[in-house]
Amino acid sequence: MFIIKNVLVGGKVANVHLIGNRVSKISYDKSEDTSNTPSFDGKGGVLMPAFIDMHVHLREPGYEYKEDIKSGLESAVAGGYSAVCPMPNTNPVTDNQYIVNYIMNKARECKLARVYPIGCISKGMKGLELAEMASMQKEGIVAVSDDGMPVASSGLMRLAMEYADGLGLLVISHSEDKELAKGYVNEGANATRAGIEGINRVAEESMIAREILLADALKTRVHIAHVSTANGVDLIRWAKAKGIRVTAETGPNYICGTDELILDYNPSAKVNPPLREESDRLAIIQGLVDGTIDCIATDHAPHSMSEKSKEFATAPFGISGLESAFSMCYTELVLTGRMTLDRLSELMTTNVAKILDIPCGEIVEDGLADFVIVDESAEYIIDSSNWYSKGKNTPFNGRHVTGKVMATIVDGRLVYKI
Amino acid sequence: MRKHLLGLEGMSRDEIVEILDTADMMRDHLDKGEFDNDYASGSSVVNLFFENSTRTRTSFENASKFVGANIVNISVASSSVTKGESMYDTAMTLQCIKNDIIVMRHSIAGAAHYLSKHVDSHVINAGDGQHEHPTQGLLDMLTMRRHFGRLEGLTVAIIGDIKYSRVARSNIIGLTTMGATVKVFGIKTLMPAGIEEMGATVCESIEEAIKGSDVIMGLRIQLERMQSGQFPSVREYHREFGITADRVKLANANAIIMHPAPVNRGVEISGEVVDSANSKIFEQVTNGLAVRMAVIKLMSEAK
Ligand SMILES: [Zn+2]
């Protein structure tokens, strides 16, 4: 028995009783005596199903100096996440069942957030032949992607979408035509002013168009990762109107940031796809509001300080983001009145669970006890030096945000409290 | 003079005028053969060139000597740059070798900004990637001002590889700050997105750019741009988009020809135009020396 005391459920103060990893009772009785049961006082915070992040980089195996499974999962639960999907660009890459098994075992030992790995589309992430998707699926992958090394060959992408669809595996496309993406920041006036080589937006949009048309022709699903441009949103909107089975994510970086952030050459603002323009940012928010974009994923990409203290052009791409995601999204989407907290919860949790066909927390009797408690009125300044993640790389340090994760419960266990 | 000279962006008219006025004075010294001035005696200057440029490095070297400063050259093996050696380590090393002014050339935009945040010394950006080359912008403005007696109201046409040019950016920023009109023309594969937001007027043809201009500034077309497919041939480039004697006739009477050098004769500009009476291309080199003397003098006084 465990009681989550004094939390808001549907706007009312409640005590949520757990037995094991399930909700046993939701009590709105204020005079309830809970003194004899282990409990956690939510202090009037809002209880929500814990978030699920379908796009993170945990860096293990291979790049443990950037992040490892343990530090990544500590960061995840501190961000209010009960589950994360690590991308396969590890070293060696996650293209076979043995590495999937290694990740699953490591993650289980941590007893923090759940891990649903994503396997490679192609062997060695080389874009030449399909990886052993079915074998990896038996060990626990829920999707395939060559994130970061996009599948250039349309022929291979077609085969991947067909083969994965037969297994019920989702194909996640990091949509990028490398031929058009030889720069470091969004191609536009700010890149020109800074004198940094730009990445044309068509690098992303042309590949989104390709994936959508393949999904249409093959009658398969496809998921578009980290949508960053206005035309990208429009392409997905068009596809959905036609009934094409496409889903899409964007992230806090694109909801909150633009390429103004590159003007002081802070390598922490270097991310792929790059931070775009204000008109893109607004189109992405509109896509989240109207349902064109299904969910929010962080693309948590931790790097070491020494890598990110190189010159802009030589520093690696990526922003660390698990621990700032909720606050950034709450501030930009809910506090501004663009959407309700319930809608944000769909974007950060339930829609993700649906896309991946995995369980998520449910605040009902017998519901899975994967929860986050958030304080909607807490205000603070983002400071990555306090993060659990090894990756302190974020251009959002110093931002004033509202909304804070107070505690996270995974599988009925309190795994994080502030 | 501000602490660092990282770019012309953000500099006021008064700040630019202060440097140009001082540079005029330095130019007088040069013309009189006075090379042993002591404006910056006791100052130490470090030339830190991550990219090869004998011209600019030598110009800074002589400029330092002619105002009485000590100068040392640190040549950085190009291999450590391609390996992405941490700028932070470089900065820390420089911080420990005591010096007053660091002159840095680097192939990456923002490198001088980065350095300036980590050292106590003054930093002069001697060119950072495609970003800025402020002393070049200043020497170009000095050349124009000495010829026309003013910058305000001049029309300057910048022609050639605008996309990869730090010289174009520094000139656009500096000249518009000083009240000149800047027109730019480049073939579309060598034009950067949104350049008009920096205050330049984008022209559709080289003729449109030159017509009515007081200054025709050519920018170097690197042959590697042809190898990467940005234009089909030198022959076509020169014929269709080069600065030729015929096209120069469209400019205002008394117009001058400028180029940051080295010049590719017969590519972006014809040899005939380079050698013509109204060419200031070699004059620019002397003015470069004067501008760098002025900057080192002013920085030494500011310490
Ligand atoms: Zn990606």
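Some points on the overall build of chain B
- Of the regular secondary structure elements, chain B holds 13 helices and 9 strands.
- Computed over its C-alpha atoms, the radius of gyration of chain B comes to 19 Å, within 12% of the 19 Å expected for a compact globule of 303 residues.
- Seen through its C-alpha atoms, chain B measures out along the principal axes to roughly 55 × 45 × 30 Å.
- Across the 303 residues that make up chain B, the buried fraction comes to 59%.
- Partitioning the intrachain contacts of chain B with sequence separation of at least 6 by distance along the chain shows that 73% fall at a separation of at least 24.
- A total accessible area of about 11800 Å² is found for chain B, and carbon and sulfur atoms account for 49% of it.
- Treating the 32 positive side-chain charges of chain B as one cloud and the 37 negative ones as another, the clouds have centres 3 Å apart.

Thoughts on the sheet that holds strand E2 (residues 70-75) of chain B
Residue and element names in this part refer to chain B.
- Reading across the sheet, the 4 strands line up as E2-E1-E3-E4 and stay open at both edges, with parallel pairing between neighbours. Looking at the sheet topology across the chains shown, the edges are occupied by E2 and strand E4 (122-128). Taken pair by pair, the neighbouring strands of this sheet meet at an average axis angle of 15°, ignoring direction.
- Here 6 bridges tie strand E1 (residues 44-49) to E2, and the two strands are oriented parallel to one another. Bridge pairing in E2 links phenylalanine 49 to serine 75.
- Running at roughly 155° to E4, helix H13 (residues 281-302) makes contact with E1, strand E3 (101-106) and E4 of the sheet.

Let's talk about the environment of A:Leu347
All names here are of chain A.
- Inspection of the secondary structure puts leucine 347 in helix H12 (residues 341-356).
- Accessibility expressed as a relative area gives 0% for leucine 347, which makes it buried.
- Between the C-alpha atom of leucine 347 and that of glutamate 249, which follows or precedes it by 98 residues, the distance is 8.8 Å.
- When near neighbours in sequence (up to four residues on either side) are disregarded, leucine 347 contacts Leu288, Ile293, Asp294, Cys295, Ile296, Met339 and Val352.

Regarding the packing of helix H4 (residues 87-96) of chain B against helix H5 (residues 111-118) of chain B
Residue and element names in this part refer to chain B.
- Following both chains from N to C, one finds H4 and H5 inclined at 50°, their axes separated by 9 Å at the closest point. Taken together, the axis directions place H4 and H5 in an arrangement best described as oblique. Seen from above, H4 lies across H5 with right-handed handedness. Contacts between H4 and H5 involve Met87, Tyr88, Ala91, Met92, Leu94 and Gln95 on the former and, on the latter, Ala111, Tyr114, Leu115 and His118.
- The residue makeup of the contact of H4 with H5, split by class, is 8 nonpolar, 2 polar and no charged.

Topic: the packing of helix H6 (residues 202-218) of chain A against helix H7 (residues 230-241) of chain A
Residues and elements named next belong to chain A.
- Where H6 meets H7, the closest approach of the two axes is 9 Å, and the angle between their N-to-C directions is 10°. With respect to H7, the axis of H6 lies roughly parallel. Residues Glu205, Ile208, Ala209, Ile212 and Leu213 of H6 form the contact with H7, whose own contacting residues are Asn231, Gly232, Leu235, Ile236, Trp238 and Ala239.
- When its residues are assigned to classes, the contact of H6 with H7 shows 8 nonpolar, 2 polar and 1 charged.

A few points about the coordination of the zinc ion
Residue and element names in this part refer to chain A.
- Of the protein atoms, only Asp147 (OD), His174 (ND1) and His226 (NE2) coordinate the zinc ion, at distances of 1.9 to 2.2 Å.
- Donor residues for the zinc ion sit on one chain with the sequence pattern D-x26-H-x51-H. Placement of the pair is aspartate 147 in the loop between strand E10 (143-144) and helix H4 (154-167) and histidine 174 in the loop between strand E11 (170-173) and strand E12 (185-186), with a sequence separation of 27 residues. Across this residue pair, the class does not change: aspartate 147 and histidine 174 are buried.

Examining the nonpolar core
- A:Leu73 and A:Leu344 are the most contacted members of the largest nonpolar core, which totals 97 residues.
- Take this core: its biggest share by element is 7 residues, from helix H11 (residues 325-334) of chain A.
- In this view, A:Leu344 contacts A:Ile296, A:Phe326, A:Cys329, A:Tyr330, A:Leu333, A:Val334 and A:Met339; residues no more than four positions away in its chain are not counted.
- Residues B:Leu8, B:Ile71, B:Leu219 and B:Ala294 belong to the second largest nonpolar core, which totals 60 residues.

Parameters at a glance
- The numbers attached to residues start from 1 for each chain and follow its sequence in the written order.
- Note on labels: chains are lettered from A, ligands numbered from 1, in written order.
- Under the rules for a predicted model, residues below a pLDDT of 70 receive no local features and side-chain atom pairs below 80 are neither given nor counted, while totals for whole chains, interfaces and linings still include all residues.
- To obtain the side-chain values, all non-hydrogen atoms of the structure were used and water was disregarded.
- We count a stretch as a helix when DSSP gives it H or I for four or more residues in a row; a strand needs E for two or more, and each element gets its number in order from the N terminus.
- C-alpha atoms define the radius of gyration in this analysis, and the globule rule sets the expected value at 2.2 Å times the number of residues to the power 0.38.
- Under the scheme applied here, a residue whose accessible area is under 20% of the maximum for its type counts as buried, over 50% as exposed, and between as partly exposed, the area being computed with a 1.4 Å probe on protein chains only.
- Only heavy atoms matter for contacts: two residues are in contact if any of them lie within 4.5 Å across the pair.
- Methods summary: accessible areas were calculated by the Shrake-Rupley approach with a probe of 1.4 Å, and residue burial reflects only the protein chains presented.
- The charge count includes Lys and Arg as positive and Asp and Glu as negative, but it does not include His or the ends of the chains.
- Taken as the charge location is NZ of Lys, CZ of Arg, CG of Asp or CD of Glu.
- DSSP calls a pair of strands paired once it identifies at least 2 bridges connecting them.
- Whenever a helix is involved, its axis is fitted only over the stretch in contact; in every case the axis is a line through C-alpha atoms, and angles between N-to-C directions fall within 0 to 180 degrees.
- The cut-offs work like this: below 35 degrees is roughly parallel, past 145 is roughly antiparallel, 65 to 115 is roughly perpendicular, and the gaps in between are oblique.
- Each helix crossing is assigned a hand: it is left-handed if the near helix lies turned anticlockwise from the far helix by less than a right angle, otherwise right-handed if that turn is clockwise.
- Under this grouping Gly is polar, as are all residues other than the nonpolar Ala, Val, Leu, Ile, Met, Phe, Trp, Tyr, Cys and Pro and the charged Asp, Glu, Lys and Arg.
- With water omitted from the atoms examined, metal sites may look incomplete; donors here are N, O and S atoms no farther than 2.8 Å from the metal, or 3.2 Å in the case of Na, K and Ca.
- As used in this record, nonpolar core signifies buried Ala, Val, Leu, Ile, Met, Phe, Trp, Tyr and Cys residues forming a set joined through side-chain atoms within 4.5 Å.

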